Structure formats: structure tokens, C-alpha cells
Amino acid sequence: MDEDSKPLLGSVRAGEYYTDSLDPKQRRPFHVEPRNIVEDDAQERVSAEAAALSSRVNYYGRLTASSDRLLAPPDHVIPSFEDIYIYSPLGTAFKVQGGDSAAKNPSIVTIFAIWNTMMGTSILSIPWGIKQAGFTLGIIIIVLMGLLTLYCCYRVLKSTKSIPYVDTSDWEFPDVCKYYFGAFGKWSSLIFSLVSLIGAMVVYWVLMSNFLFNTGKFIYNYVHNVSTSDIYGTNGTDRVICPYPDLDPNRNRSTLLYYDAGENSTSQVFDLWWSKTNTIPFYLIILLLPLLNFRSASFFARFTFLGTISVVYLIFLVTYKAIRLGFHLEFHWFNSSQFFVPEFRSLFVQLSGVLTLAFFIHNCIITLMKSNRHQENNVRDLSLAYLLVGLTYLYVGVLIFAAFPSPPLSKECIEPNFLDNFPSSDILVFIARTFLLFQMTTVYPLLGYLVRVQLMGQIFGDHYPGFLHVFFLNIVVVGAGVLTARFYPNIGSIIRYSGAICGLALVFVLPSLIHMVSLRRRGELRWPSALFHGFLVLLGVANLFGQFFM
């Protein structure tokens, strides 16, 4: 499809009457035939005044060049109220009453929207990351990475403001990358954005396989009256498990299963067909592959509130377990034992990789901040949101790390998914896994929809070019998840690799380069700024390469 045959997607409001084209020479005026303008009700036509308004805006638009504002429509042409006419690819212009003011959110809503967007599967790996970095160094890295990613996110938010003589009100960060670096900037931002999305989908597949396995195991044990007894725990109630035999001196009797004599063969059949890596990843195909082929993901968007519920429940679960288990920290520098807690470790780069994805919101922060009612508070609200996210990560990570029993178990037993350190028979953990399983089942199609829109939109100019195109893309994405869950179900490593890869471009390199280029074009670039932002670029490169050597 050539450029001229693509459907226009634009809007008309006070001061905005051009289509959303990145190239100023190709920006065409908004045009809507009066017969295609409709109200919220598709059967109702707007008044003759609205049709005349469209014609006047179209007339002035033909006279005006993107770089020449002298012929801009005067105030009496555009009405004082901010009704918006949105031209959809379906060929209908919908009238939205009340303009932007009706869609604006107060600061508290914006802050929690950013918090809710950033809170994801990474929170499950924070305790493991602290173990890899060491207790003290892990806390320092969480604080430093939060500050660095906040600054880079601030640079993304301000990137559209540094472009002169161009209306950037509808631009996103890939548009800014294209403005400064041409096709390379556009495609690099797209590719790294796809890496983050597909990486998240792979992690989701591994976690859903894990949660479905443990949920099914809990139900089976309950129905068949199978009880487990773990020798390690606190007061004989809250038990934790260690999946590493070398770190468990009593591994052969750490878990005792009590079966009825007649249940032995049934249990063997169940274990054969209900395997975390051999069968469960393939069962998910039956459920999730059809959902990915839906033309629209609006149905699944209604369940995004489950993410907030899941995070709140995880915070409650962590608090309860910490109270029950107590704190177990032994800092003995000169008389260390098996249960010594290291404060600094050389594997700290693994935590920085996880945190790059945990603090990642750079590809959609411009969109989120557009809905903020008081735009002058954007920087403050963004900072408060990052503070809230950082405190959440610190709370969960530190409590789980400190409460993990040592002795009798070593801190090395902490899993990349800390829920795996609790047995499947734990009712509270069972509820958490069930919540997360249902939430991820609804979020997974949304991630697939974003991948489809970004990739198909750039290649074919249409987010749904055909069933076969979409089906083939979904097969590739699902296949990546199945193979990873089958052969490499380590979400900690998956998160840190995908986080370091997408963070290299979208967190560290592109925001820093764009800021330096904009300063240089204005003649304002100074060596302290160049040195600092050059350091951010090198930090992103080191963060990526460090994942392969640590």
C-alpha cells in the first residue's frame, strides 16, 4: 500500500488541523466529507454548522504550509469549545463532546496509572536479583537504577518539546527518533520495542506454565487427599522449599508424600501428563493461540484492573510471610558460615538487567502523560510514580530476602520466581498463583495485539492485513514461548536479557543521543552534559554485555 492510499488518522481541534505525518512536506490538511461526520450515535448527523466548520478548516489547511503559520485559521474559524472530530480508518468521523478536558486525569490517577503500568512480572524476580548482587549492594543498585531510568524517562518526556517549528502534540517517541535519525531511528525504536514486548510474552508463557502446573497440583492433591510435609519451616506452619539438592543437606527427606496404596498408579499417570516443562506449555496453546487471533483486544482491556489487585495481594502475601517467618540475616565478615549473607557480589549486573525492564515505561510515557490534567506537574508526577515503584520493589525484595529461613536453608535457594520457594500446598500462595494466572491470561492477548499493531502497521500499513499474516505472526510468538518454557524456564535470565537489550536503545542510548543532538543543533551542548550522557550510553552497553559474562 503506497503512502497516498493509506487511510488518514487525524483530528481537528483548536489549533490542530493537520494529519499526523512526520515529514513536513507530506503533511496534508484534514478533510472530512460532511455526509461522513456523525455524532456518538452512528445514525445521527451533525448540524450544518459542523459541516461548514469542516469546509473552512479544510480551506485554510490547503493554504497553509507546515512551516508557515501566517495563514493559520483565525480564532473565529475554530470554535472556542474543544469538540474533536476524529477520522477513523473506517471512513467515519466521530464527534467527541467536551474535548480533552473530559479525558484529563488528576495527578494522583496519573501517578498510579504509571505505577500500575510498570508493575509486572519483574517484581517476582527482585528477591533473586538482590541475592545475586548481595544484600547491601542490591539495595544500592535498586536506588541508583531507579534514579537513572527516571532521568532517561524524563529525557523521553521532554524530547518532543525540543523540536522547533513542528507540531509534536500527537507524536510518540518513535516519531522523535525518526525526526532525528531518519529510518534508522524509526526502525531501531520499533525493533527494540518489539523485543521488550515479545520478551514479556515469553516470560508470561513461562510463568503461566508454572502457575497452571502448581494450581493443578494443588487441586489434585486436595481431591485425592494427598498431603505433604516439609521438615523446614517456622512453627511447623509456614514452610519454604529449596529446589537445589546441593544446598539442602536433607534433600532426601525434605518433602514426604503420604499416599493411599491405591493412589500410587494414579499419581504416576498424573505426573506424566501434568509436567511443568513437558506438557503444560503445550496445553496453553489450546487456550491462548485462539485469543491472539482476535481482531480487537478491547475485551481483554477490561481486565487490566486485575494487575492492581494482583500486586496488592502480593504485597499482603509478602508482609504476612515475613511476619510468620521472621528475619534471618547473618553478617559475619570474619567468621562466615554456610548461612552467611554476602553484602556485595560480583553478579550484581544480573540485578541491573532485571531492573532495566522493571523500571521500563519509556516507550509509552508520552502517551500516559498526555492525559494528565495539569501538564506543568508532569515531571513531579513522573518522579512520584518512580518513587512509588522503587519503594514497592524494595519492600518486596528486602522482605522476601530477609525472611527466607537461613538456617536451615541458604539464601542461595531463593528462586527467580520467589513463589517457587513455597510449596504448592500453601493456600495463600495458591490464591496468588491463581490470581496471576487469570491476570496473565487476559494481558497476554493485549501484548500480542501491541506486537501485531506495531509490526503489521509498519510493514503492511494495516494492523490486521489478513488472517494468515496474523496467524503466522502468532505462531512465531507462541512458539518462542513454548520452546523457552520447555527448555529454559528461567524467568530471571529471560527478564535480564530482554531488559538489557531493549534498555540499551530505549532507556540509555536513544534518549541520551537525542538530547545531545538537540543541544548541539541549538549550539547549547557543553562538555559536562556530553560527558554525562556519553556515560549513560556506555552504561547501557556495559549493562547488555555484562549479562553474557556474569
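Note that the structure is a prediction, hence the values are computed from the model and not measured.

**Quick word on the packing of helix α9 (residues 305-325) against helix α13 (residues 427-460)**
Packing of α9 against α13 leaves a shortest axis separation of 10 Å and a crossing angle of 160°. Our classification of the angle between α9 and α13 gives roughly antiparallel. Like other packed secondary-structure pairs, α9 and α13 cross with a definite hand, here left-handed. Here α9 contributes L306, G307, I309, S310, Y313, L314, L317, Y320 and K321 to the contact with α13, which in turn contributes L428, V429, I431, A432, F435, L436, F438, Q439 and T442. In terms of residue class, the contact of α9 with α13 is built from 13 nonpolar, four polar and one charged.

**A closer look at the pattern of salt bridges**
Enumeration according to the criterion identifies five salt bridges in this entry. The partner of E172 in a salt bridge is K370, and the shortest N-O contact between them spans 3.5 Å. Remark: K370 occurs in helix α11 (residues 365-370) and E172 occurs in the loop between α4 (135-158) and α5 (173-223); sequence separation between them is 198 residues. Overall, K370 belongs to the partly exposed group, its relative accessible area being 27%. With its nearest N and O atoms 3.0 Å apart, the salt bridge here joins R380 to D381. Assessed through its relative accessible area of 43%, R380 is described here as partly exposed.

**Let's talk about the state of the cysteines**
Evaluated as defined, the whole model comprises one disulfide. C242 shares a disulfide with C413; S-S distance 2.1 Å. Taking the torsion about the sulfur-sulfur bond, which here is approximately -75°, the covalent link between C242 and C413 counts as left-handed. Highlighted residues: C242 in the loop between β5 (227-230) and β6 (255-258) and C413 in the loop between α12 (378-403) and α13, separated in sequence by 171 residues. The same class applies to C242 and to C413, which are both buried.

**As for helix α7 (residues 280-292)**
A rise of 1.5 Å per residue sets the reference length of α7, with its 13 residues, at 18 Å; its end C-alpha atoms lie 18 Å apart and thus fit the reference within 8%. All of the buried residues in α7 are I280, P281, L284, L288, L289, L291 and L292.

**Concerning the environment of I123**
Among the structural elements, I123 can be located in the loop between α2 (107-118) and α3 (126-133). Residues I123 and L394 lie 271 residues apart in sequence; the distance between their C-alpha atoms is 9.6 Å. Contact partners of I123, with chain neighbours within four places excluded, come to L314, T392, Y393, V396 and F418.

**Let's talk about the packing of aromatic side chains**
Per the counting criterion, the structure on display carries 19 aromatic pairs. Between the aromatic rings of Y220 and F270, the centroid separation amounts to 4.0 Å while the plane-to-plane angle is 10°, which identifies the pairing as stacked. Of the two residues, Y220 is situated in helix α5 and F270 in helix α6 (residues 264-273); the sequence distance between them amounts to 50 residues. A relative accessible area of 18% means that F270 is categorised as buried. Each ring, one from W274 and one from Y283, has its centre 6.0 Å from the other, and the planes form 35°; the classification is tilted. An aromatic cluster is present here, built from W171, Y179, Y180 and F181 joined pairwise through their rings. Lying over the aromatic face of Y464, R295 brings its terminal NZ or CZ to 4.1 Å of the ring centre. Across from the ring centre of F401, 5.1 Å away, lies the NZ or CZ of K411, which sits over that ring.

**With respect to the confidence of the model for the protein chain**
Mean pLDDT over the protein chain: 77, with 73% of residues reaching 70 or higher. Every residue in residues 1-22 is under pLDDT 50, and counting partners more than four places away or in other chains gives 62 contacts. Low pLDDT, under 50, characterises residues 24-51; the stretch is placed with 57 contacts to residues that sit more than four places away or in other chains.

**Brief notes about empty space enclosed by the protein**
Gaps left between atoms are located by rolling a probe of water-molecule size over the structure's atoms. Summed over the entire model, instances satisfying the criterion amount to six cavities of 30 Å³ or more. If you add up the space inside the largest cavity, you get close to 100 Å³. Along its surface, the largest cavity is lined by 13 residues, and G120, T121, V311, L436 and Q439 are the ones closest to its centre. Residue assignment for the lining of the largest cavity shows that the elements contributing at least two residues are α9 and α13. Top contributing element to the lining of the largest cavity by residue count: α9, with four residues. Residues belonging to the lining of the largest cavity are distributed by class as follows: eight nonpolar, five polar and no charged.

**With respect to the side chain of T160**
Inspection of the secondary structure puts T160 in the loop between α4 and α5. Residue T160 is classed as buried on the basis of its relative accessible area of 6%. Sequence-distant contacts of T160, that is, excluding residues within four places in its chain, are made with T168, W171, V176 and I366.

**Let's talk about a nonpolar patch on the surface**
Taken together, the side chains of I140, V143, L144, L147 and F344 make up a nonpolar region of the molecular surface, amounting to roughly 460 Å² of accessible area. Mapped onto the secondary structure, V143 falls in helix α4.

**Remarks on helix α14 (residues 467-487)**
Spanning 21 residues, α14 covers 30 Å between terminal C-alpha atoms, matching the ideal 30 Å at 1.5 Å per step. Contacts from the buried residues of α14 go to α5, α7, α13 and α15 (491-521).

**Some points on the environment of L314**
By the element assignment, L314 lies in helix α9. For the pair formed by L314 and I123, sequence separation is 191 residues and the distance between their alpha carbons is 9.3 Å. Residues contacting L314, with those up to four places away along its chain left out, are I123, L124, F418, L419 and A432.

**Quick notes on the side chain of N543**
Checked against the element boundaries, N543 lands in helix α16 (residues 527-546). A relative accessible area of 6% means that N543 is categorised as buried. Polar contacts involving the side chain of N543 include one to the side chain of T356, which spans 3.1 Å. Setting aside its immediate chain neighbours within four residues, N543 contacts V349, S352, G353, T356, A500 and F508.

How each quantity is defined
Residues numbered from 1 in each chain as written. Predicted model: local features only at pLDDT ≥ 70, side-chain atom pairs only at ≥ 80, totals over all residues. Heavy atoms only, no water. Axes fitted to C-alpha atoms, helices over the stretch in contact; angles between N-to-C directions. Helix = DSSP H or I, 4+ residues; strand = E, 2+ residues; numbered from the N terminus. Parallel < 35°, antiparallel > 145°, perpendicular 65-115°, else oblique. Left-handed = near helix turned anticlockwise from the far one by under 90°. Contact = heavy atoms within 4.5 Å. Nonpolar A, V, L, I, M, F, W, Y, C, P; charged D, E, K, R; others polar. Salt bridge = Lys/Arg side-chain N within 4 Å of Asp/Glu carboxyl O. Buried < 20%, exposed > 50% of the residue type's maximum accessible area, 1.4 Å probe, protein only. Disulfide = S-S within 2.5 Å. Expected span 1.5 Å × (residues − 1). Phe/Tyr/Trp six-rings, centres within 6.5 Å; stacked < 30°, edge-to-face > 60°. Lys NZ or Arg CZ within 6 Å of the ring centre and 35° of its normal. pLDDT = per-residue confidence, 0-100. 1 Å grid on protein atoms, 1.4 Å probe; cavity = no way out; pocket = protein on both sides within 12 Å on 5 of 7 lines; lining within 4 Å. Points joined across faces, edges and corners; volume = space filled by probe spheres on them. Patch = residues over 30% accessible without salt bridge, like charges linked within 9 Å, V, L, I, M, F, W, Y side chains within 5 Å. Areas by Shrake-Rupley, 256 points an atom, 1.4 Å probe, with all protein chains shown as cover. Polar contact = N/O pair within 3.5 Å; in protein donor to acceptor, adjacent residues only side chain to side chain.

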